[in-house]
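Report on the structure
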Amino acid sequence: MANNGLKLTILFLFIITYEYCSTHVKLPTFTNTSTRSTYLIKDVFILAGQSNMAGRGGVIDKTWDGIIPPEVKPRPGKILRLGSDLTWEDAHEPLHIDIDVNKTCGVGPGMAFANAVLRGDPRRFRVVGLVPCAIGGSGIGEWSRGGRLYDGLAHRAAAAVEGGGEIRAVLWFQGERDTLNISDAELYKERLRKLFIDLRTDLKSPLLPIIQVALASGEGPYIELVRKAQHEINLPNVVTVDAKGLLLQPDGLHLSTNAQVQVGKMLAHAMLRSRCSSR
């Protein structure tokens, strides 16, 4: 009888504890793919710049062909994106569909980058969070501190780390617009340098890794002047990969899908092999 009484007491305590935990303790969800789920974000990457970062791979006559190479396929629960509503969701192309809303988005370098980083060092990079911020047709002057695009990036970057995680790098692909006139091309180096310094200051990361892509094309005749400025940026933890010579779309300006995959892999390689991957 005493044993039965003890068992009943233990059962009663178990039920009370279970009921309390069910109503008062909220456990985090890491695998649910709902846009409102809470994810454990360990490695956050900011994607910024203009159309070739936003992605025009596979876009012809304002229509995306929908072709997804193996290198950019989704990895639910492993590669996430921060949507325009500042919630995390499983990432898939087009990454910038709700960010660069005035253009038709296709394949960019972001998904290829994330997949390559996860394959290259799966023990270090367990969950990758991508933060799309690129806007097609934007010049470097529009990214200056206090402007709409800069402030939007800073706001999204802050939201990205609210629930945990750390910004590991900014991936930057921009400059095509600044090839249109000699004045913008000549000012490009100083404007870009100031942008990188301002971002590091405002994101409170003085040595934040920045990996930029040197132009493959441009909207005007001063492509080589802007490319020279990009290669001459001399700041610690700024790495440049070069897209020159990669296959372009028929418009002669935007990278093809396969070229975007190559750029993503180059960005990942730079992240993995340089000091940018150290913590």
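Everything here concerns the structure above.
Residues numbered from 1 in each chain as written. Predicted model: local features only at pLDDT ≥ 70, side-chain atom pairs only at ≥ 80, totals over all residues. Heavy atoms only, no water.

Observations regarding the environment of R227
- Mapped onto the secondary structure, R227 falls in helix 6 (residues 223–231).
- Classification of R227 by relative accessible area gives buried; the value is 8%.
- In this structure the C-alpha to C-alpha distance between R227 and G175, which are 52 residues apart in sequence, comes to 8.3 Å.
- Those residues within four positions of R227 in sequence are excluded, and the remaining contacts are A214, L215, D242 and K244. (Helix = DSSP H or I, 4+ residues; strand = E, 2+ residues; numbered from the N terminus. Buried < 20%, exposed > 50% of the residue type's maximum accessible area, 1.4 Å probe, protein only. Contact = heavy atoms within 4.5 Å.)

A closer look at the pairing of strand 1 (residues 43–49)
- With seven of seven residues buried, strand 1 lies mostly within the body of the structure.
- Here strand 1 runs beside strand 6 (residues 128–132); their pairing, made up of five bridges, is parallel. Following the sheet pairing, D43 is matched in strand 6 by V128.
- Examined bridge by bridge, strand 1 and strand 7 (residues 166–173) share seven bridges and lie parallel to one another. Bridged to F45 within strand 7 is A169. (Pairing = 2+ DSSP bridges.)

So, the nonpolar core
- Membership of the largest hydrophobic core comes to 73 residues, with the highest contact counts inside it found for I46, F113, L130, W172, L195 and F196.
- What L195 contacts, discounting residues up to four positions off in sequence, is I140, W143, Y150 and W172. (Core = buried A, V, L, I, M, F, W, Y, C linked by side-chain atoms within 4.5 Å.)

Brief notes about empty space enclosed by the protein
- This model, assessed by the stated rule, comprises one cavity of 30 Å³ or more.
- If you add up the space inside the largest cavity, you get close to 30 Å³.
- Every residue along the wall of the largest cavity is listed here: L47, M53, A54, E93, L95, H96, G106, G108, P109 and G110.
- Taken together, the residues of the lining of the largest cavity break down into five nonpolar, four polar and one charged. (1 Å grid on protein atoms, 1.4 Å probe; cavity = no way out; pocket = protein on both sides within 12 Å on 5 of 7 lines; lining within 4 Å. Points joined across faces, edges and corners; volume = space filled by probe spheres on them. Nonpolar A, V, L, I, M, F, W, Y, C, P; charged D, E, K, R; others polar.)

Considerations on the environment of G83
- Along the chain, G83 turns up in the loop between strand 4 (79–82) and strand 5 (88–90).
- Note on G83: relative accessible area 3%, which makes it buried.
- Separated by 15 residues in the primary sequence, G83 and D98 have C-alpha atoms spaced 7.0 Å apart.
- In this structure, G83 is in contact with D98 and R156, ignoring residues within four places of it in sequence.

Section: the pairing of strand 9 (residues 238–242)
- One ladder, built from five bridges, connects strand 8 (residues 210–214) with strand 9; its direction is parallel. Looking across to strand 9, one finds that I210 is bridged to V238.

Focus: the packing of aromatic side chains
- Tallied over the entire structure, the rule returns four aromatic pairs.
- With a centroid separation of 4.9 Å and 75° between ring planes, the pair formed by F45 and F113 is classed as edge-to-face. Taken together, the residues span a long stretch of sequence, with F45 in strand 1 and F113 in helix 3 (residues 110–120) at a distance of 68 residues. As far as burial versus exposure is concerned, F45 and F113 are alike and both buried.
- Residues W143 and W172 carry aromatic rings whose centres are separated by 5.4 Å and whose planes lie at 85° to one another, so their mutual orientation is edge-to-face. On the criterion of sequence distance, the pair formed by W143 in the loop between strand 6 and helix 4 (148–160) and W172 in strand 7 is long-range, its members being 29 residues apart. We note that W143, like W172, is buried. (Phe/Tyr/Trp six-rings, centres within 6.5 Å; stacked < 30°, edge-to-face > 60°.)

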